[in-house]
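Descriptive structure summary
The lines below spell out each chain.
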Amino acid sequence: IAATALGLLLSQMEMRAEGIIDQPVLQVLSVMLDSERGSEWIDRLATQEVLRIIGPNEWVERNHFALPFPVTDREMLVHVTLTIDAEEGSAIISSVPVDDPATPVTRGRVRARNSSTYRLIPIDGGMRTRISMATSTHPGGLIPAFLIRVFRRDFPAKTLAALQRQCAKRDIRA
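Below, the discussion takes up the nonpolar core. Counting 30 residues, the largest nonpolar core has Met 32, Trp 41, Tyr 118, Leu 120, Ile 131 and Leu 163 as the members making the most contacts within it. For Tyr 118, the contacting residues outside a window of four places in its chain are Met 32, Trp 41, Ala 91, Ile 92, Ile 93, Ile 131, Ser 132, Met 133 and Thr 159.

Here's what the structure looks like:
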């Protein structure tokens, strides 16, 4: 984390994580692409809303993260792309920040910028999924660096553990 002498976050925070999900790639994708379930596995995500579908594997979404006082909630607009390698059985979900004049910042929130890549690779004959996650976030505004570390320190582990729990639910359809 880059910070000034005052301890205010000025640049991006990057995180990486890897894990194994005890479900096939299609099951994991089913959970990850369900915007109604997003808040059940993405740490601190309050809502996830698809704003515009660009194509069968491409869309723009708004993500609202509820943060504890005294930090103002954040929202992100991202352009999401899904790439599937049918031969390998793998998938990549990539998102990059997007500016959309038709979607102003919601009152009471700060617009953050986030890029992320999730790679899903089948293992054990396709019965399980190796997932790698890489994110780069600029939270927008000025936030004390120690607060960012507190809020984001456990984000990868909490998110992957919650994804594992979601994927194990019986109501998931691949």
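All right, on to the pairing of strand E3 (residues 58-65) then. The side chains of a regular strand alternate, residue by residue, between the two faces of the sheet. The buried fraction of E3 is high, at seven of eight residues. Sheet analysis places strand E2 (residues 45-55) next to E3, joined by eight bridges and oriented antiparallel. Among the inter-strand pairings, Leu 45 is bridged to a residue of E3, identified as Phe 65. Joining the antiparallel neighbours E2 and E3 is a turn of two residues. One ladder, built from eight bridges, connects E3 with strand E4 (residues 73-85); its direction is antiparallel. Paired with Asn 63 across the two strands is Met 76, which belongs to E4.

This paragraph deals with the pairing of E4. Strand direction decides the pairing type here: E4 and strand E6 (residues 109-111), joined by three bridges, are parallel. What sits directly across from Asp 73, in E6, is Arg 109. Looking at chain direction, E4 and strand E5 (residues 90-97) are connected through eight bridges and run antiparallel. In the sheet register, Val 78 faces E5, and the bridge partner there is Pro 97. The loop that links E4 with its antiparallel partner E5 comprises four residues; one of these, Gly 89, has a positive phi angle of about 80°.

At a minimum axis distance of 9 Å, the contact between helix H1 (residues 25-32) and helix H4 (residues 155-168) shows a crossing angle of 105°. With respect to each other, H1 and H4 are oriented roughly perpendicular. In this structure, H1 contributes Gln 27, Val 28, Val 31 and Met 32 to the contact, and H4 contributes Leu 163, Gln 166 and Cys 167. Its residues assigned to classes, the contact of H1 with H4 shows five nonpolar, two polar and no charged.

What follows is about the packing of aromatic side chains. In total, this model carries one aromatic pair according to the counting rule given. Consider the rings of Trp 41 and Tyr 118, whose centres lie 6.2 Å apart with planes at 75°: the pair is edge-to-face. Of the two residues, Trp 41 sits in helix H2 (residues 38-41) while Tyr 118 sits in strand E7 (residues 113-123), which places them 77 residues apart along the sequence. Comparing Trp 41 with Tyr 118 shows no difference in burial state: the two are buried.

Inspection of every chain in the model, using the stated rule, returns 11 salt bridges. A salt bridge links Glu 75 to Arg 109; its shortest N-O distance comes to 3.0 Å. Of the two residues, Glu 75 sits in strand E4 while Arg 109 sits in strand E6, which places them 34 residues apart along the sequence. Judged by relative accessible area, which is 0%, Glu 75 ranks as buried. A relative accessible area of 23% places Arg 109 in the partly exposed class. We note a salt bridge from Glu 75 to Arg 111, for which the minimum N-O separation is 2.8 Å.

Moving on to the confidence of the model for the protein. Within the protein, residue pLDDT values average 86, and 86% of them lie at 70 or more. When mean pLDDT is compared element by element in the protein, E5 scores highest at 98, while helix H3 (residues 145-152) scores lowest at 65. Note on residues 1-10: pLDDT under 50 across the span, and 27 contacts to partners over four residues away in sequence or across chains.

About the thresholds
Residues numbered from 1 in each chain as written. Predicted model: local features only at pLDDT ≥ 70, side-chain atom pairs only at ≥ 80, totals over all residues. Heavy atoms only, no water. Core = buried A, V, L, I, M, F, W, Y, C linked by side-chain atoms within 4.5 Å. Buried < 20%, exposed > 50% of the residue type's maximum accessible area, 1.4 Å probe, protein only. Contact = heavy atoms within 4.5 Å. Helix = DSSP H or I, 4+ residues; strand = E, 2+ residues; numbered from the N terminus. Pairing = 2+ DSSP bridges. Axes fitted to C-alpha atoms, helices over the stretch in contact; angles between N-to-C directions. Parallel < 35°, antiparallel > 145°, perpendicular 65-115°, else oblique. Nonpolar A, V, L, I, M, F, W, Y, C, P; charged D, E, K, R; others polar. Phe/Tyr/Trp six-rings, centres within 6.5 Å; stacked < 30°, edge-to-face > 60°. Salt bridge = Lys/Arg side-chain N within 4 Å of Asp/Glu carboxyl O. pLDDT = per-residue confidence, 0-100.

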